[in-house]
Amino acid sequence: MAGRRVNVNVGVLGHIDSGKTALARALSTTASTAAFDKQPQSRERGITLDLGFSCFAVPLPGAAEPEETLLQVTLVDCPGHASLIRTIIGGAQIIDLMMLVIDVTKGMQTQSAECLVIGQIACQKLIVVLNKIDLLAEGKRQTAIDKMTRKMQKTLENTKFRGAPIIPVAAKPGGPEAPETEAPQGISELIELLKSQISIPTRDPSGPFLMSVDHCFSIKGQGTVMTGTILSGSISLGDSVEIPALKVVKKVKSMQMFHTPVTSAMQGDRLGICVTQFDPKLLERGLVCAPESLHTVHAAIISVEKISYFRGPLQTKAKFHITVGHETVMGRLLFFGPAPSSFDREPVLDSFDFSREYVFQEQYLCKDAAPAVVDSDENKQTGQATEDCCPQQQWALVEFEKPITCPRLSLVIGSRLDADIHANACRLAFHGLLLHGLEDRGYAESILPTLKVYKLKHKHGLVERAMDDYSVIGRSLFKKETNIQLFVGLKVHLSTGEQGVIDSAFGQSGKFKVHIPGGLSPESKKILMTAVKKRGRAGHGEAAKQEEGAERPEPAQHVELSLSFKRYVFDTHKRMVQSP
Ligand SMILES: Nc1nc2c(ncn2[C@@H]2O[C@H](COP(=O)(O)OP(=O)(O)OP(=O)(O)O)[C@@H](O)[C@H]2O)c(=O)[nH]1
Ligand SMILES: [Mg+2]
């Protein structure tokens, strides 16, 4: 029986053609010959994948008996572009360390910057690999490596990976034409670096079982095998698992880890589960979970944070590609935030409070005009919020075009995958956490009305005249067709200082009567009386017209009326509520 194995997942990310696949291959081969003589390589079977999985094992650093305990490094080779985002987010929760592969002759490129952004959202540790050093002229090689290392250090300075190690290699010296015998350079050093950088994450067997499946195939006479990484919880032989995408529950017939049968497995393990037969084509990629532990949601409330490299605003009603787990669907956003008095409230990232009130936002609030993509030469990190006028936390309601299935508190990434990848702009727009999923298809009627997001409305009008000491007629506040009845009872302020209450509509032209509980001040009466007199002269003898007359000359001095109220965006009755 082989000793204990501990699995860690290392993401291999970088711009197209930087040499990610070549690096994954070089690492696996070097490790398997130099450090490990068994055949560790599992050649996964005929499935077209955009995520490439390969692995190698090395003696576990610091283990009491290193021979007995192996560190299994699973390399997750990510594709270069468009599908990258979906893919890497799928793997994000299982990636313990990210290798950012940079073509040393090119430096930071558009997707390298995107990878760095994703890494900051999803990963804790980074190693920068400067690849293709064989392409540097021999005499100037070290100088060029040093120069690029400094540039990368500068780039990392403004990220959470400041000071991360940078290592030069040549994964496939000579490029595609070179014979396979050409030995890669710097790989043993990279393996040593990986060993020193990898910290074995603490794995937790509690909580509902959830596994991210990256492969699915059938074995004749046995069943269907799903391979993947356990995201949370644990599983034992004979347990039932649900495949939410197919809405089926299956029994676990057998399990394997690294080609060895096992009876149980837990968070972090890479595992193959064999269940009773189903068509593997139905599930290329996805989630498997403890029955009924996942939820299918039609919309969600997420906590949002803009990615500062994204150019342009995040607007309410805008559509983005929303990636949650292994799924990417279009979603429409509506942004909201706290009232200004609560701007400095500490963010709450594990729940959403329906009892609070929130302010509708036409767009995500931020101070920066978004900076350009991280650039090798001018790595300007802007978006440094001066904490005084933006809230600490903002949210969005995301309405999905197709329902998605995910666990609570999933990482959510919003992007514009349709944007031109040659535009040298970051396509990642925001990230956040799914705080609350709306499972009811009819959520707009059943759940949204409980979400208290309001727009603060201000209307301004004029006092036309005083009726008596305790009431005035107002105008120019409502349109002719407005149902004034809806506003009855709301407070209005007069520019002369009095406060009034809308009492009733007056006539047909949008005028209204305002009751002044404290009475008009003598000063106000004087102003309003003058106005009436002037008008009296102009509209001589035409009482009916005087009442309706919109076109009379303005009084010498206006008395303005202002009305402020809240309108709840999701209130199906469109009620107006007094604002303070
Ligand atoms: N000269 C040289 N060429 C390399 C090296 N590593 C990779 N290449 C070549 O660069 C090209 C791209 O390598 P890949 O490993 O496919 O790059 P990738 O990053 O996986 O590309 P995508 O998956 O398409 O994003 C291939 O032609 C490789 O042979 C290297 O160290 N030196
Ligand atoms: Mg590749």
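Per an unreviewed UniProt entry, the protein goes by Selenocysteine-specific elongation factor and derives from Chinchilla lanigera. In its Catalytic activity (unreviewed entry) section, UniProt records this for the protein: "GTP + H2O = GDP + phosphate + H(+)".

A.B. asks: Describe the site of ligand 1, and please don't skip the residues or the numbers.
C.D. replies: Around ligand 1 sit 20 residues in total, of which Gly 19, Lys 20, Thr 21, Ala 22 and Asp 134 are the nearest. The backbone of Asp 17 places a nitrogen or oxygen atom 3.1 Å from an oxygen atom of ligand 1. When ligand 1 sits alone it has 650 Å² of accessible area, and the protein chains cover 80% of it. With three residues, the top contributor of residues to the shell around ligand 1 is helix 1 (residues 20–34). Residue composition of the shell around ligand 1, by class: seven nonpolar, eight polar and five charged.

A.B. asks: Any details on the environment of Gly 337? Residues and values, ideally.
C.D. replies: Examined against the element boundaries, Gly 337 turns out to sit in strand 18 (residues 327–337). With 22 residues separating them along the chain, Gly 337 and Val 359 place their C-alpha atoms 5.3 Å apart. In this structure Gly 337 touches Tyr 358, Val 359, Gln 361 and Trp 395, once residues within four positions along its chain are discounted.

A.B. asks: With reference to specific residues and values, describe the pattern of salt bridges.
C.D. replies: Tallying each qualifying case throughout the model produces eleven salt bridges. Across the pair Asp 103 and Lys 106 runs a salt bridge whose closest N-O atoms are separated by 3.7 Å. Residue class for Asp 103 comes out buried when judged on its relative accessible area of 3%. For Lys 132, the salt bridge identified is with Asp 103, shortest N-O distance 3.6 Å. Highlighted residues: Lys 132 in the loop between strand 5 (126–131) and helix 4 (141–157) and Asp 103 in strand 4 (residues 97–103), separated in sequence by 29 residues. Members of the salt-bridge network, linked through shared partners, are Glu 464, Arg 465, Arg 475 and Lys 511.

A.B. asks: I'd love a proper account of the side chain of Gln 394, names of residues and values included.
C.D. replies: Tracing the chain through its elements places Gln 394 in strand 20 (residues 394–406). At 2.8 Å, the side chain of Gln 394 forms a polar contact with the side chain of Gln 361. With residues up to four places along the chain from it excluded, the contact list for Gln 394 reads Ile 302, Ser 303, Val 304, Phe 336, Gln 361, Tyr 364 and Leu 365.

About the cut-offs
- Residues numbered from 1 in each chain as written.
- Chains lettered and ligands numbered in written order.
- Predicted model: local features only at pLDDT ≥ 70, side-chain atom pairs only at ≥ 80, totals over all residues.
- Heavy atoms only, no water.
- UniProt positions renumbered as here; feature names shortened; annotations may be inferred.
- Near = heavy atom within 4 Å.
- Polar contact = N/O pair within 3.5 Å; in protein donor to acceptor, adjacent residues only side chain to side chain.
- Areas by Shrake-Rupley, 256 points an atom, 1.4 Å probe, with all protein chains shown as cover.
- Helix = DSSP H or I, 4+ residues; strand = E, 2+ residues; numbered from the N terminus.
- Nonpolar A, V, L, I, M, F, W, Y, C, P; charged D, E, K, R; others polar.
- Contact = heavy atoms within 4.5 Å.
- Salt bridge = Lys/Arg side-chain N within 4 Å of Asp/Glu carboxyl O.
- Buried < 20%, exposed > 50% of the residue type's maximum accessible area, 1.4 Å probe, protein only.

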